[in-house]
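Results of the structural survey
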Amino acid sequence: MASMQLSGAGVGAAAFAAKGNASLEALRLPATVTVGGVRPARRAFRGLVVRAATVVAPMYTVLKPLADRVLVKIKSSEEKTTGGILLPTTAQSRPQGGEVVAIGEGRIIGDKKVDVSIQVGAQVVYSKYAGTEVELNDYNHLVLKEDDIIGILETDDVKDMKPLNDRVLIKVAEAEDKTPGGLLLTETTKEKPSIGTVVAVGPGPLDEEGNRSPLSVSAGSTVLYSKYAGSEFKGAGGTNYIVLRVSDLMAVLS
């Protein structure tokens, strides 16, 4: 992801290596919880600040997730545009990716214990409105379930993302530049494609016995998917990708 950035209203991920200052742009965090239309006051403690009125924060500096939850240290917001212009705080894009710093002990499905499949240190992308935001030791974190993790970033290019569970990574087909009559189309009038090639697939969902069920599609398949599903990304060279659940695929084309 020499320069990965969010496309449209989708979500995105961050390239976390400092080399090359690679980043995903236009990523957003879950909004602070609001109760009864009133934004709760920020309650500060020695090591932990919880932005949710229903959470009572203990005065501890260590947070250990339970069950299949993970603790993610959120990537910092970008303070400049790609052109170097400083952004005011209100205009800064907020990230939707970070580093896993702690994981739960797993969960029991049937009579089988299933460990969290994500390792500490992994760079991940998560669902837009997932989890509970906390401030721990002066850094923003998110506590969320493993299933809310979209994928693992193994390099700084989205094409190498490893989707999780029942998700697939798709390279989106290029939109047509002309109408059938030969008229040139602007970016705003181009039809959004809903066809693409599967680049990678997740290991599959867990069944009632805690075993993985393989997905019905494989890498290399050309698929038709639901138009407004999934999370969109822009990879190196401006290539568009989308990550969605296999249930959002409508057909395999050949």
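Values in this document were obtained by computation on a predicted structure and should not be read as measured data. (Residues numbered from 1 in each chain as written. Predicted model: local features only at pLDDT ≥ 70, side-chain atom pairs only at ≥ 80, totals over all residues. Heavy atoms only, no water.)

Here's the deal with the overall build of the protein chain
Helix and strand counts for the protein chain come out as 0 helices and 16 strands. Counting the 254 residues in the protein chain, one finds 42% classified as buried. When contacts within the protein chain are restricted to residue pairs at least 6 apart in sequence, long-range pairs at least 24 apart make up 61% of them. Surface summary for the protein chain: the accessible area is close to 14,000 Å², and the carbon and sulfur share equals 52%. (Helix = DSSP H or I, 4+ residues; strand = E, 2+ residues; numbered from the N terminus. Buried < 20%, exposed > 50% of the residue type's maximum accessible area, 1.4 Å probe, protein only. Contact = heavy atoms within 4.5 Å. Areas by Shrake-Rupley, 256 points an atom, 1.4 Å probe, with all protein chains shown as cover.)

Some remarks on the pattern of salt bridges
On inspection of all chains with the given rule, the structure shows 5 salt bridges. For the salt bridge of Asp68 with Arg107, the shortest nitrogen-to-oxygen distance reads 3.7 Å. Taken together, the positions of Asp68 in the loop between β1 (48–50) and β2 (69–74) and Arg107 in strand β4 (residues 107–109) put the pair 39 residues apart, joining distant regions of the chain. Overall, the relative accessible area of 35% leaves Arg107 in the partly exposed class. It is possible to trace a salt-bridge network through shared partners that takes in Asp147, Asp166 and Arg245. (Salt bridge = Lys/Arg side-chain N within 4 Å of Asp/Glu carboxyl O.)

Let's talk about the confidence of the model for the protein chain
Scored by pLDDT, the protein chain comes out at a mean of 75, with 63% of its residues at no less than 70. Model confidence for the protein chain, summarised as mean pLDDT per element, is weakest for β1 at 48 and strongest for strand β11 (residues 167–172) at 95. (pLDDT = per-residue confidence, 0-100.)

Some thoughts on the packing of aromatic side chains
What the rule picks out here adds up to 0 aromatic pairs. If you follow Lys73 out to its NZ or CZ, it ends over the ring of Tyr139, 3.9 Å from the centre. (Phe/Tyr/Trp six-rings, centres within 6.5 Å; stacked < 30°, edge-to-face > 60°. Lys NZ or Arg CZ within 6 Å of the ring centre and 35° of its normal.)

Points about the sheet that holds strand β13 (residues 222–225)
Judged by pairing direction, the sheet is antiparallel, and its 6 strands sit side by side in the order β14-β15-β11-β12-β13-β16 without closing on themselves. The open sheet has two edge strands with one neighbour each: β14 (231–234) and β16 (249–253). Each neighbouring strand pair of the sheet contributes to a mean axis angle of 40°, computed without reference to strand direction. Pairing geometry for strand β12 (residues 195–201) and β13, over 3 bridges, is antiparallel. By the bridge assignment for β13, Thr197 is matched with Thr222. (Pairing = 2+ DSSP bridges. Axes fitted to C-alpha atoms, helices over the stretch in contact; angles between N-to-C directions.)

As for the side chain of Asp166
In this fold, Asp166 is placed in the loop between β10 (161–163) and β11. Classification of Asp166 as buried rests on a relative accessible area of 14%. Not counting chain neighbours up to four residues away, the residues in contact with Asp166 comprise Gly204, Pro205, Leu215, Leu244, Arg245 and Val246.

What to know about the environment of Glu146
For Glu146, the position within the fold is in the loop between β8 (139–145) and β9 (149–153). For Glu146, a relative accessible area of 8% translates into the label buried. On a C-alpha basis, the gap between Glu146 and Ala67 in space is 9.5 Å, while along the polypeptide they are 79 residues apart. Beyond its immediate chain neighbours, meaning those up to four positions away, Glu146 contacts Asp68, Asp115, Val116, Ser117, Ile118 and Asn165. Only 2.4 Å separates the side chain of Glu146 from the side chain of Ser117, close enough to count as a polar contact. (Polar contact = N/O pair within 3.5 Å; in protein donor to acceptor, adjacent residues only side chain to side chain.)

Observations regarding the nonpolar core
If you look at the biggest cluster of nonpolar residues, it comprises 16 residues, and the most contacted ones within it are Val70, Val72, Ile118, Val124, Tyr126, Leu144 and Ile149. Those elements that provide at least two residues to this core are β2, β3 (97–103), β6 (123–126), β8 and β9. Of the residues forming this core, the biggest block, 3 residues, is contributed by β2. Counting 13 residues, the second largest nonpolar core, distinct from the first, contains Val168, Val198, Leu215 and Leu244. (Core = buried A, V, L, I, M, F, W, Y, C linked by side-chain atoms within 4.5 Å.)

Overview of the pairing of β13
Burial of the side chains of β13 is restricted to one face: Val223 and Tyr225 are buried, whereas none of Thr222 and Leu224 on the reverse face is. As defined by bridge partners, β13 adjoins β16 across 4 bridges and the pair is classed as antiparallel. The residue of β16 that forms the bridge with Leu224 is Ala251.

Observations regarding the environment of Val198
Mapped onto the elements of the fold, Val198 is located in strand β12. Sequence separation between Val198 and Tyr241 is 43 residues, and the spatial gap between their C-alpha atoms is 9.6 Å. Those residues in contact with Val198 that lie beyond four places of it in its chain are Leu169, Ile170, Ser218, Ala219, Gly220, Ser221 and Val223.

Description of unusual backbone geometry
Glycine aside, negative phi is the norm for most residues, and most peptide bonds take the trans geometry. Look at Ala67: it is not a glycine, yet its phi comes out positive at around 55°. On the basis of relative accessible area, Ala67 is assigned to the partly exposed category, the value being 22%. Positive phi, close to 55°, is recorded for Asn165, a residue that is not glycine. With respect to the helices and strands, Asn165 occurs in the loop between β10 and β11. For Asn165, a relative accessible area of 10% gives the class buried.

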